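# Observations on the three-dimensional arrangement
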Amino acid sequence: MMPRERSLPKLVLVLLIALFLGACSDVIEIEDEEYEETDSVGKTRLTIAMVPKFGGTPYFTIAKRGAENAARDLDVDLIFQGPGVADAAQQEAIIEELIEKRVDALCVSCNDPAALTGVLTKARREGIRVITWDSDSEKEVRELFILGVDPEQMGRHVMDYLAKYMDYSGKFAIVSGAVTSSTVNEWIYWTKKQLEEKYEEIELVTVVPSEDNMEKAYMQAKNILQTYPDIKGIIGYCDTAGPGVARAVQEAGLNGEVKVVAASMPNSIARFLKSNACQASVLYDIEKMGYLTVAVAVKLVTEDKMPEDGEDIPTVGKIRLIEGRTVVLGDPMDFTVVNVDKFKY
């Protein structure tokens, strides 16, 4: 009987070791967080991270709402985190943190494409899918770029709009967003092309940045009105620039005399449309762009597939693909005093 008594503890020990190893194979511990390992990624749910240029503005708040709706519909986790101001260095630090968290996809609206090249390259080397939205990075460091509207279509359309309001003659100026905003710079490029090709009697006198700051846009517009007393039009080329420009025109008592076309959300520009300090705003559905960004990211991670031209995305509609790796939500949307109250963003 003695041999049996000695073998029992060994059997118990073997069973305990087997149980311990089995338990360890189901859990990975990363920075004091536990994830169940059910696939090669090591997590039961995907985590999609979206980094806006900066937080707290109506534009990015609406984009976040769309992203949250998509995350709920597609059953994924969402991290939506941006800097307090439009600062590339702060964005870089946030992206570094997200890389450490091992997110599955990183979607960034870039403050400065060149400044983020290094950290986005690092993310891809770590196996994270990298998408840009709203404002692009250098093309070689991302897989896809999500846009609300085709930049050529936007730039040409805004120029046509302003030309009509200016009776096709006179001087105008542009108050842009950030100097490094790839999207706004594309809009301006195509605005200039349309001007050159179609409107010989209209002159662009200056382009000045507002750094995505409404107060700075207001001050820039005041300076334009003082420097060019015969100015007939101003384009406010970002969500915050439009209201800033319209406010300067209104305070100068030039409602309807200096024509303003904005690229602002309806709620941001509505009161100036109603006072005739702004004649029109042209933009797109920001909430749908937030939704589309998450939907495309999930497809890229789970199916390793690029979206197709004309693909019908649930809740969003049919999308367009331009230049191969740029996804466009749709056509420009025009907001005027006639229809602005129909929109809730």
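Placed above this text is the structure.
Below, the structure is looked at part by part. Because the structure is predicted, anything quoted here is derived from the model rather than measured.

With 4 bridges joining them, strand β3 (residues 47-51) and strand β4 (residues 77-80) adopt parallel strand pairing. Paired with Ile48 across the strands is Leu78, a residue of β4. Between the parallel pair β3 and β4, the chain is carried across by helix α2 (residues 58-74), and the sense of this crossover is right-handed.

What follows concerns the packing of helix α7 (residues 214-227) against helix α8 (residues 241-251). The angle between the axes and the distance between the axes are what describe a pair of packed helices. Packing of α7 against α8 leaves a shortest axis separation of 7 Å and a crossing angle of 45 degrees. Relative to α8, the element α7 is oriented oblique. For the element pair α7 and α8, the recorded crossing hand is right-handed. Contacts between α7 and α8 involve Met214, Glu215, Ala217, Tyr218, Ala221, Lys222 and Leu225 from the first element and Ala241, Pro243, Gly244, Val245, Arg247, Ala248, Val249 and Glu251 from the second. Partitioning the contact of α7 with α8 into residue classes produces 10 nonpolar, 1 polar and 4 charged.

On to the side chain of Asp134. Mapped onto the secondary structure, Asp134 falls in the loop between β6 (129-133) and β7 (144-149). For the buried Asp134, no salt bridge is present, and the opposite-charge side chain at shortest range is Lys53, 4.4 Å distant. There is a polar contact of 2.7 Å between the side chain of Asp134 and the side chain of Ser109. Ignoring any residue separated from it by four or fewer positions in sequence, one finds Asp134 in contact with Lys53, Tyr59, Phe60, Ser109, Phe145, Ile146, Leu147, Thr183, Tyr284 and Met289.

Let us look at the packing of aromatic side chains. Enumeration over the complete set of coordinates arrives at 11 aromatic pairs. Aromatic pair Phe54 and Phe60: ring centres 5.7 Å apart, planes at 75 degrees, arrangement edge-to-face. For Phe60, a relative accessible area of 4% gives the class buried. Here Phe335 and Tyr345 contribute two aromatic rings whose centre-to-centre distance is 6.4 Å and whose plane-to-plane angle is 85 degrees, an arrangement assigned as edge-to-face. Residue Phe335 is located in strand β17 (residues 333-335), and its partner Tyr345 is located in the segment after β17; the two are separated by 10 residues in the primary sequence. Residue Tyr345 is classed as buried on the basis of its relative accessible area of 8%.

Within the fold, Thr293 resides in helix α10 (residues 286-303). Judged by relative accessible area, which is 0%, Thr293 ranks as buried. Non-local contacts of Thr293, meaning those with residues more than four positions away in its chain, are made with Met50, Cys107, Trp133 and Ile146.

Ranked by size, the top nonpolar core spans 61 residues in total, and within it Trp133, Phe172, Trp187, Tyr237, Leu283, Ile286 and Leu292 carry the most contacts. At 10 residues, the largest contribution of residues to this core is made by α10. Residues within four places of Trp187 in sequence aside, it is in contact with Val149, Pro151, Met154, Gly155, Tyr237, Ala263, Leu283 and Tyr284.

A separate point is the sheet that holds strand β11 (residues 259-262). With mixed pairing, 6 strands are arranged side by side in an open sheet as β9-β8-β10-β11-β12-β17. Of all the strands in the sheet, just β9 (202-209) and β17 have a single pairing partner and so form its edges. The sheet shows a mean angle of 20 degrees between the axes of neighbouring strands, taken without regard to direction. Both strand β12 (residues 280-283) and β17 contribute to a ladder of 3 bridges, which runs antiparallel. Residue pairing in the sheet places Ser281 in a bridge with Phe335 of β17.

Two elements in contact, α8 and helix α9 (residues 266-274), have axes separated by 9 Å at closest approach and are oriented at 20 degrees. Here α8 lies roughly parallel to α9, going by the angle between them. Classified by chirality, the crossing of α9 by α8 is left-handed. Note on element contacts: α9 touches α8 through Ser268, Ile269 and Phe272, opposite Gly242, Pro243, Ala246, Arg247 and Gln250. Grouping the constituent residues of the contact of α8 with α9 by class yields 4 nonpolar, 3 polar and 1 charged.

Analysis parameters
Residues numbered from 1 in each chain as written. Predicted model: local features only at pLDDT ≥ 70, side-chain atom pairs only at ≥ 80, totals over all residues. Heavy atoms only, no water. Pairing = 2+ DSSP bridges. Helix = DSSP H or I, 4+ residues; strand = E, 2+ residues; numbered from the N terminus. Right-handed = clockwise from strand over helix to strand, strands pointing away. Axes fitted to C-alpha atoms, helices over the stretch in contact; angles between N-to-C directions. Parallel < 35°, antiparallel > 145°, perpendicular 65-115°, else oblique. Left-handed = near helix turned anticlockwise from the far one by under 90°. Contact = heavy atoms within 4.5 Å. Nonpolar A, V, L, I, M, F, W, Y, C, P; charged D, E, K, R; others polar. Buried < 20%, exposed > 50% of the residue type's maximum accessible area, 1.4 Å probe, protein only. Lys, Arg positive; Asp, Glu negative; His and termini not counted. Salt bridge = Lys/Arg side-chain N within 4 Å of Asp/Glu carboxyl O. Polar contact = N/O pair within 3.5 Å; in protein donor to acceptor, adjacent residues only side chain to side chain. Phe/Tyr/Trp six-rings, centres within 6.5 Å; stacked < 30°, edge-to-face > 60°. Core = buried A, V, L, I, M, F, W, Y, C linked by side-chain atoms within 4.5 Å.

Honestly, it's all geometry; don't read function into it.
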